[in-house]
Amino acid sequence: MKNQINRVRIAEKGAKVSIGVYVILAIVKISVGFFLRSTSLSADGLNNLTDVFSSVTVLFGLKTARIPADADHPYGHWKAEPIASLITSFIMMFVGFQVFQSSIVRLYRGELVAPNQLAAVIAIISAVVLLFLYRYNLLLAKEAKSTGLKAVAQDNLADSLTSIATAVAILGASFGWVWLDTVMASIVALIIVRTGIDIFKESTFLLSDGFKDKQLSLYKTEIQMIPEVKNVASIKARMYGANTYVDVTILVDRNMTVRESHDITENIEKLLYENFDVMHTDVHVEPDDLINQFNEDQM
């Protein structure tokens, strides 16, 4: 449990850094975009403002996740992290839609003004900063095995690419393609919405106890390599935040003693923890003469 808490704290560090960076970028972009008349830079700034809310929500989820188990939450509060990611997705989709709507209206009405080229410099600097932030958060997310911080890192990369595209649009608009600045603002809005949808899909997958079959197959293969295990009758897994819980039913020699079967369950728990970092494994032991019954139940 101590390792899981330490990982959450590592993820919290990434979320805090992201909040600081995004606050600065949002203020600078929105202000500069307004004074230098760049619609796309202002839209990019609003994008970063949603990232502030997203990072704050993820940070809150991470802090809630490491609250110890209690009477109402016997498995702990680990699902607070994917819940925070889900809330983040709603914020991003809402803001993205609002930016897209205002950009389309502005384009339709012909409210187009050539932006100052200095706005492009701000966008390029932002792209570089966000690229470094992406690498930083991605490394922390892998170390902490945090889905929330991984979503933040993915957003960092999307924001970096968006800032590059924004710089290109501003330069194009300043050389006569005035409409390009507003068009890019619309594209930025769609990127915000798309990122929100991706985070929504991953969050709902985890909250609905979704788990990838490929990973289950790896668990099953490793367990079946234990000599005393005749067969793996069934195996299921689910995620609680960054923690994996596995339920497995194994078939063993029906003449095996209780002590021997207990030792096998201990070996399986140790195996999955050391090889796959599975936090909790619940092993059910059944006699091997029930193999036909299990096969019929699975058909």
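Residues numbered from 1 in each chain as written. Predicted model: local features only at pLDDT ≥ 70, side-chain atom pairs only at ≥ 80, totals over all residues. Heavy atoms only, no water.

What follows is about the overall build of the protein. If you tally the helices and strands in the protein, you get nine helices and three strands. Counting helices and strands in the order they occur from the N terminus, the protein gives α-α-α-α-α-α-α-β-β-α-β-α. Scored against the burial criterion, the 299 residues of the protein give a buried share of 48%. Split by element, the accessible area of the protein, about 15,400 Å² in all, is 62% carbon and sulfur. (Helix = DSSP H or I, 4+ residues; strand = E, 2+ residues; numbered from the N terminus. Buried < 20%, exposed > 50% of the residue type's maximum accessible area, 1.4 Å probe, protein only. Areas by Shrake-Rupley, 256 points an atom, 1.4 Å probe, with all protein chains shown as cover.)

Two faces, one strand: in a regular strand the side chains alternate between the faces of the sheet. Strand β1 (residues 231-240) sits mainly inside the fold: eight of its 10 residues count as buried. Strand direction decides the pairing type here: β1 and strand β2 (residues 243-252), joined by nine bridges, are antiparallel. When the sheet's bridge partners are listed, Lys236 is paired in β2 with Asp247. (Pairing = 2+ DSSP bridges.)

All right, on to the nonpolar core then. One finds Tyr219, Ile223, Ile250 and Ile268 to be the most contacted residues of the largest nonpolar core, which totals 23 residues. Secondary-structure elements contributing two or more residues to this core are α7 (213-224), β1, β2 and α8 (258-276). Of the residues forming this core, the biggest block, five residues, is contributed by α8. Ignoring sequence-local partners within four residues, the contact set of Tyr219 consists of Phe211, Ile235, Ala237, Thr244, Val246, Leu272, Phe276 and Val278. By size, the runner-up hydrophobic cluster in this structure holds 17 residues, among which are Leu59, Ala65, Trp78 and Leu140. (Core = buried A, V, L, I, M, F, W, Y, C linked by side-chain atoms within 4.5 Å. Contact = heavy atoms within 4.5 Å.)

Judged by pairing direction, the sheet is mixed, and its three strands sit side by side in the order β1-β2-β3 without closing on themselves. Both outer strands of the open sheet, β1 and β3 (280-287), are each paired with one neighbouring strand and no more. Each neighbouring strand pair of the sheet contributes to a mean axis angle of 10°, computed without reference to strand direction. Of the strands in this sheet, β1 and β2 touch α7, which is tilted by about 135° from β1. α8 rests against β2 and β3 of the sheet, and its axis sits at about 145° to β3. (Axes fitted to C-alpha atoms, helices over the stretch in contact; angles between N-to-C directions.)

Another aspect to go through is the packing of α7 against α8. Contact pair α7 / α8: the axes reach a minimum separation of 10 Å and the direction vectors enclose 130°. Looking at the two axes, α7 sits oblique to α8. Both α7 and α8 take part in a crossing whose hand is right-handed. Residues Gln215, Leu218, Tyr219, Glu222 and Ile223 of α7 form the contact with α8, whose own contacting residues are Ile268, Leu271, Leu272, Asn275 and Phe276. (Parallel < 35°, antiparallel > 145°, perpendicular 65-115°, else oblique. Left-handed = near helix turned anticlockwise from the far one by under 90°.)

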